[in-house]
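Tertiary structure, described
The residues making up each chain are set out below.
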Amino acid sequence: MKRFTELKQLVPFIDNAFESFYETMLHDRRLAIFFESDEQIQMLIQKQKVHFVSSLGLDIESIKDVYIKMGEFHYDRLIPYIDFIKGTDILEEHFLLNSQQCQNTQKLMDEIFEYFKIMKAFTAKGYLNRMLSEDKKDIENFFEHIVLDQTHSLPRAIILQKIKWLKELLNCIENNGDFEEENAKRFLIEEWLEELNFLTTEKRVFFEELEKRILLNTQNLFYFLKREEYLEILPLYTSLLNIYKLTLMMNNAVTIEFANKVIEDMKIDTLTQLFRKDLFEEILQKEIALIQRNHDYTMSVVYIDLDNFKHVNDNFGHYSGDKVIEKVGEIIKTNIRLSDFGFRIGGDEFAVILKDATKEQAKMVSEKIKVGFTSYQFVFNDEVTFSVGMSIGVEEVRYKENLEMKTILENVDWKLYEAKKRGKNQICL
């Protein structure tokens, strides 16, 4: 089986490359939060070096398996794929620089490019594997708890047909199978459009456009799947499942009546593109119901409040204030998983629901949000820039009898208050 033959020339330079790699990461405040101490950094350097050297002796198929497992591990650690790619690009650059000191430089550089292409692609497959697993759980949960209002919902047969279609799709992706265009088109709305005569013309058009996008994304996804180009697949899959879940209103929100409410205003805050407060309470209630059914399930609720935001509006104007709020939305969306939810629940108040996450994991995500936001310099004019702090409260939610939303919100609100009381711009668990 095919192996890399030139990469072993890099072994003498590995110490320098990895030390430079971690030094660069530690100077990036967003990446530095993954490390707790100098001892941990040294341990990781040694572990990564051993891992890298051992992989050089593997055939390419085995290397792919190694990086699939790495992607799954990173996903479980709540590390966004964008952060992994940033770190990998740093490491690749250092090895390319060191390659200039080796023989047969061009062939070695070609192998470095190919090796890191495999690393990125199959780590993406690891992330995809975990996303598939979570989505399959969603589907099963949805399937078990269908509650249909026959006045304002799709007929049960159509709902079941759609679920079957989605299960077939996920199985094909998971097993690198073929999903024929004929199967993809079976979802098209023409087959059941006559069942939606209670929808307005505007809403019917909305569903038609969604399903055209589903078909296009499905066709593109399997084009790249056949070529094992997982870097292209990951965003396509993300978009496809988001669209499909919207049409089905998964996570136990299954009726067209509810879909109509979402379509009317999408429950999206236009400035931040986060969900609004009314949906926050609906989703939180569904998470509580999930905890009551599955006693091993844990989630975390995060409250975020900007520090001295009134000062921004008073001194830099409401236009600058809007830019600050807009940036919070961007930072939150960048640092949470697809399965998580971000909300704007007030003027400068935000919330995040982290599914299947402990308070320690929630703290890591919160730290990334805080660092990413507070390190950003807002430009007022050519001479004046400013930054804004944020205080964060985190509440871990586990099963207990008589678990109530009111208690959860009071607890996380108190922790946010404590973060403010302790001097602001910090996280309180």
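Residues numbered from 1 in each chain as written. Predicted model: local features only at pLDDT ≥ 70, side-chain atom pairs only at ≥ 80, totals over all residues. Heavy atoms only, no water.

This part is about the environment of Ser-99. Within the secondary structure, Ser-99 is located in helix H5 (residues 81–99). Of the residues examined, Ser-99 reaches a relative accessible area of 0% and is grouped as buried. Note: C-alpha distance between Ser-99 and Leu-7 (92 residues apart in sequence) is 9.1 Å. In this structure, Ser-99 is in contact with Leu-10, Thr-105, Leu-108, Met-109 and Ile-112, ignoring residues within four places of it in sequence. Within polar-contact distance, the side chain of Ser-99 engages the side chain of Gln-100 at 3.3 Å. (Helix = DSSP H or I, 4+ residues; strand = E, 2+ residues; numbered from the N terminus. Buried < 20%, exposed > 50% of the residue type's maximum accessible area, 1.4 Å probe, protein only. Contact = heavy atoms within 4.5 Å. Polar contact = N/O pair within 3.5 Å; in protein donor to acceptor, adjacent residues only side chain to side chain.)

Below, the discussion takes up the pattern of salt bridges. Within the structure shown, the criterion is met by 14 salt bridges. Residues Lys-120 and Glu-92 are paired through a salt bridge, measuring 3.1 Å at the closest nitrogen-oxygen approach. Placement of Lys-120 in helix H6 (residues 105–144) and of Glu-92 in helix H5 is noted, with a sequence separation of 28 residues between them. Assessed through its relative accessible area of 14%, Lys-120 is described here as buried. (Salt bridge = Lys/Arg side-chain N within 4 Å of Asp/Glu carboxyl O.)

Our next topic: the packing of aromatic side chains. For the coordinates displayed, the defined rule picks out 15 aromatic pairs. Ring geometry for Tyr-67 and Tyr-115: centres 6.0 Å apart, planes at 90 degrees, overall edge-to-face. Remark: Tyr-115 occurs in helix H6 and Tyr-67 occurs in helix H4 (residues 60–76); sequence separation between them is 48 residues. Overall, the relative accessible area of 1% leaves Tyr-67 in the buried class. Overall, the relative accessible area of 1% leaves Tyr-115 in the buried class. Among the aromatic side chains, those forming a connected cluster through ring pairs are Phe-316, Phe-373, Tyr-376, Phe-378, Phe-380 and Phe-386. Above the face of the Tyr-376 ring, Lys-327 is positioned so that its terminal group lies 4.1 Å from the ring centre. (Phe/Tyr/Trp six-rings, centres within 6.5 Å; stacked < 30°, edge-to-face > 60°. Lys NZ or Arg CZ within 6 Å of the ring centre and 35° of its normal.)

This brings us to the pairing of strand S3 (residues 341–344). Neither face of S3 is left uncovered, since the one carrying Phe-341 and Phe-343 and the one carrying Gly-342 and Arg-344 both have all their residues buried. Bridge count between strand S1 (residues 275–276) and S3: 2 bridges; the pairing is parallel. Opposite Phe-275, over in S3, you have Phe-343 as the bridge partner. Pairing between S3 and strand S4 (residues 349–354): 4 bridges, direction antiparallel. Across the sheet, the residue bridging to Phe-343 is Ala-351, located in S4. Between the end of S3 and the start of S4, which pair antiparallel, lie 4 residues. (Pairing = 2+ DSSP bridges.)

Remember that the coordinates give geometry; whether it matters functionally is a separate question.
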